[in-house]
Structures are given as C-alpha cells and as structure tokens.
Amino acid sequence: MTDFLSEASSLQSFLQAVRQTLHRAPELGNQEFKTSAYLRSILEPLGLTVENPFGTALCATLHGARPGKTAALRADMDALPVAEATGADFSSRTPGVMHACGHDIHMTAAVGAAILLAAHRETLCGSVRFLFQPDEEGSGGAQRFVDAGCLRGVDAVFGAHVSPELPLGTVGVRYGKFYAASDTFSITVHGKSAHGAEPEKGIDALQAAARLAVRLVDLRSALNGERCAVTVGTLQAGTAINVVADTAQLTGILRTLGPDSRARMRRLVTDAAAEIAAQTGTQIGVQLHESYPGVVNDDGASQLVHDTAVQLLGEENVTVLQQPTLMTEDFGYYLTAARGCFYHVGAGCAAPLHSPQFLPDIRAAVTAAALHAAVLERALAE
C-alpha cells in the first residue's frame, strides 16, 4: 500500500491554508457559491474533470491511467447558522455563520485525497468521483446527487465525519446500522369547544393531545430494546384560559435504526393516535414526512475501511464502534445507490458538534486525506 500518511503529512501546510480559506468564508446550504468556485480552482489544475450537476454541487472525476472500477468520496460543503466563538485567527468573517460541524475539514480532506491520488494517477485503476455536496444540514443534497446520476456506475462510495469523541489520529469504523433514519410528524387533534364551566359539553382536544404526547414518548420502549428516539417538540392548543380547546397540534421527530424499525415505528405512531382518538372522542389526523433514510454500512466495505485503517495507522489507532448513533446524516441516500461505508475520524477538539467552539485540528484533515486515498486506491484495486 502506498505510504499515503507520510505524503499527506507533507501537504499539511497547504491543507491548512485550504482549511483556513474555507473556514473564514462559510456559506449556508445551497448558497455555497464561493466555496464551490474555490474548490474548482484547486481541483481543475490537478487534471480532474469538474462538473456542476446542480446548484452549487461539484462532481470532480479523477481518471486513473489503468482501467478499472469507479469509487466515490463525499464531502459536505455547507455551514451552520452559528456565531463562532473559537477565537481562531481564521474565524468566520460571515456574521452568524460558521463551520460548526467540521465540513471545512471534510472538504480539505477530500482535496488532500484528490492531490494524493492524482500524484499516483499512473498506477491508479479506474476512476474516483469526488462529490462535494451542498446542504447536508438542511433538506439534504445527497439525494439530488443520486437523482442527477452521479452515483451511476459507482461500485463503492465512502465518506467520513470528524468526531470529537475520538482522539486525534484515530479512526472509528461501524459495521451495519450507524446513523438513524428520521421522520418528522405533524398531528392535528380535533375536538369540540365549550365554556370552561361546562366542559362536559365539549371534547377537549388539548387533553387528548397531552395524552398522545405522553403515549408517543413511551413508544421508545416498543422496539424490542433497539435504540430509537421519539421527540414531541411542540404542542399548540387553546385560545383562552376558560375555553375547552377544540383543536391542538403536535409536531416532532422519530429516529430509528434500519428500515424495519423505521416502518414499525411509523405504524406505532398511527396506532397510538387511533387509540387516543377512540378513548377521547376526538378526531386525530397524522401526517408523517419521510426524511433521511439512515446510514447502514455495507459489511464488506466496512471491512475494507477497517483493514486499510489498521495498515495505515496501526491497530491501536482504529476502533470498531460498538454503538450506533441517533444523529442523522444524509449519506444514507448514497448507500441506496451503491454499497459503501461512512466512518469517523478523530477531531482533536473536545467541543461538541454544532458548538460555537467547535474547531477540529488540521491534523484530522491530514489523517482523513491519507485514509480516504488509501481506501479509494484499495477499493479500485480489489
């Protein structure tokens, strides 16, 4: 295997400059125009074919000199509406916006991987597609990449996220279910208004909604011990202190692991609403909105990442993650189009994701760049 770690380390000063440029000028989802243009200015001189499949997205293809398969690497580009408080001399210059989720590191690592693999183009089998994705934090850009045909012909797809829970220079690999699928819900309860002095003449929509809210949260124990989350985020009802509410609305989100648990939880929500409606005499309408599908890694692709990371970094620096997370991540859309693996790289920063203080160490990008390059090279060679 090519010594990508040494080669990536030699690029650290350049990668630091890339990272700082990206970090200073963060852009929200679907507004990554300067980010996209800057990345293009780096990738095209490397000999990559750079296309703009939609919006601000970039699909940059590196063709190896030898025939072979096609592998893809995703890096998300968007920032968050968070006011930075890191104190770094390269802090965000966009008021109220910062790279609080490490996407500046993700882009920098992908650029590093492109540089490393371009330097070995003569021995590279097949092609690599670098997918610089907008709007991961919003409505999701991954499905739009799939819809645009950018995963067509891809044999394996990879991606990574910096993790404050892992030490710098280490990698975490998860087999199977990794990130949760998410579904939002909006539930409307219809009752009958009445004066508060004569509640028996009405049907209390607020009371029914409150009972349903408790019932929904209790569903967390209904998936045979598998982790899940049911969050009722809002409950709105009533017009006056002495009037029985005739309508109420609940909104929230479901987080489940894997397609079977997702389907079961959706059924449980509608069943719970029907049960409360029958008990209270209300009419309850449930709207479920499908969101991110969750990340379920392919075992073969995960094994490839695991073995490559051990060879590159040493066994002591590679962790098999034992627990999935209930966080969401739209990388799962790519895994509906090709087998692949999403993994974690130690951030070297104790502050949590989405925090105003989140500032990963540049060496996280060096580690990720080396691992990306090694994984892609191996995926194409096998």
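Described in the following lines is the structure provided in the data block. Everything numeric here is computed off the predicted structure, so don't read it as measured data. (Residues numbered from 1 in each chain as written. Predicted model: local features only at pLDDT ≥ 70, side-chain atom pairs only at ≥ 80, totals over all residues. Heavy atoms only, no water.)

Here the focus is the overall build of the protein. Scanning the protein for helices and strands turns up nine helices and 16 strands. Here the C-alpha coordinates of the protein stretch approximately 85 × 40 × 40 Å along the principal axes. For the protein, the residues scored as buried account for 54% of the 382 residues in total. Of all intrachain contacts in the protein linking residues separated by at least 6 positions in sequence, the fraction that spans at least 24 positions is 80%. Looking at the protein as shown, the accessible area adds up to about 15,600 Å², and 50% of this sits on carbon and sulfur atoms. When the 28 positive and 39 negative side-chain charges of the protein are each reduced to one mean point, those points stand 3 Å apart. (Helix = DSSP H or I, 4+ residues; strand = E, 2+ residues; numbered from the N terminus. Buried < 20%, exposed > 50% of the residue type's maximum accessible area, 1.4 Å probe, protein only. Contact = heavy atoms within 4.5 Å. Areas by Shrake-Rupley, 256 points an atom, 1.4 Å probe, with all protein chains shown as cover. Lys, Arg positive; Asp, Glu negative; His and termini not counted. Charge placed at Lys NZ, Arg CZ, Asp CG, Glu CD.)

Using the criterion set out here, one finds 14 salt bridges in the structure. Two residues, arginine 19 and aspartate 104, come together in a salt bridge whose shortest N-O distance is 2.8 Å. Placement of the pair is arginine 19 in helix α2 (residues 12-24) and aspartate 104 in helix α4 (residues 103-118), with a sequence separation of 85 residues. Neither arginine 19 nor aspartate 104 differs from the other in exposure class; each is buried. (Salt bridge = Lys/Arg side-chain N within 4 Å of Asp/Glu carboxyl O.)

All right, on to the sheet that holds strand β3 (residues 66-76) then. An order of β1-β2-β4-β3-β5-β16-β6-β15 is seen for the eight strands of this open sheet, with the pairing classed as mixed. This sheet does not close on itself; its edge strands, each paired only once, are β1 (49-51) and β15 (318-320). Adjacent strand axes in the sheet meet at a mean angle of 25°, parallel and antiparallel pairs treated alike. Pairing analysis gives seven bridges linking strand β5 (residues 156-163) to strand β16 (residues 340-346), with the strands arranged parallel. Among the inter-strand pairings, valine 162 is bridged to a residue of β16, identified as valine 345. (Pairing = 2+ DSSP bridges. Axes fitted to C-alpha atoms, helices over the stretch in contact; angles between N-to-C directions.)

Moving on: the nonpolar core. Core analysis: the largest hydrophobic core is formed by 67 residues, its most contacted members being Leu117, Phe130, Phe132, Phe158 and Tyr343. The element best represented in this core is helix α9 (residues 362-381), accounting for 14 residues. Core analysis: the next-biggest nonpolar cluster, separate from the first, contains 24 residues, Val230, Leu250, Leu254 and Ala272 among them. (Core = buried A, V, L, I, M, F, W, Y, C linked by side-chain atoms within 4.5 Å.)

Turning our eyes to something else, we now look at the environment of aspartate 260. Looking at where aspartate 260 falls in the secondary structure, it is placed in helix α7 (residues 259-280). The class for aspartate 260 is exposed, based on a relative accessible area of 66%. Sequence spacing of aspartate 260 and asparagine 317 is 57 residues, and the spatial spacing of their C-alpha atoms is 33 Å.

Moving on: the packing of helix α8 (residues 299-313) against α9. Here α8 crosses α9 at 125°, and the two axes come no closer than 9 Å. It follows from the interaxial angle that α8 and α9 lie oblique. Pair α8 / α9 crosses with right-handed handedness. Side by side, α8 and α9 meet where Leu304, Val305, Asp307, Thr308, Ala309, Gln311, Leu312 and Leu313 of the first sit next to Thr367, Ala370, Leu371, Ala374, Val375, Arg378 and Ala379 of the second. (Parallel < 35°, antiparallel > 145°, perpendicular 65-115°, else oblique. Left-handed = near helix turned anticlockwise from the far one by under 90°.)

Time to look at the packing of aromatic side chains. The final tally for this structure, using the stated rule, is eight aromatic pairs. Centroid distance phenylalanine 54 to phenylalanine 145: 5.2 Å. Interplanar angle 75°. Geometry classified as edge-to-face. With phenylalanine 54 in the loop between β1 and β2 (58-63) and phenylalanine 145 in helix α5 (residues 142-147), this pair connects stretches of sequence that are 91 residues apart. For phenylalanine 145, a relative accessible area of 0% puts it in the buried group. (Phe/Tyr/Trp six-rings, centres within 6.5 Å; stacked < 30°, edge-to-face > 60°.)

Attention now moves to the sheet that holds strand β10 (residues 229-237). Hydrogen bonds between backbone groups are what pair the strands of a sheet, and the pairing can be parallel or antiparallel. Sheet architecture is open: four strands sit in the order β10-β12-β8-β13, paired in antiparallel fashion. The sheet terminates laterally at β10 and β13 (283-290), the two strands that pair on one side only. Geometrically, the sheet is characterised by an average inter-axis angle of 15° between neighbouring strands, direction not taken into account. When β10 meets strand β12 (residues 247-256), the two strands line up antiparallel, connected through eight bridges. Considered in β12, the bridge of threonine 234 is made with threonine 251. Strand contacts of α7: β8 (181-190), β10, β12 and β13, with the helix running at about 165° to β13, the strand carrying the most contacts.

Time to look at the side chain of histidine 103. Within the secondary structure, histidine 103 is located in helix α4. Residue histidine 103 is classed as buried on the basis of its relative accessible area, which comes to 1%. Within the local environment of histidine 103, its side chain forms a polar contact with the backbone oxygen of aspartate 78, the two atoms lying 2.7 Å apart. Aside from chain neighbours lying at most four places away, what touches histidine 103 is Asp76, Met77, Asp78, Glu136, Glu137 and His161. (Polar contact = N/O pair within 3.5 Å; in protein donor to acceptor, adjacent residues only side chain to side chain.)

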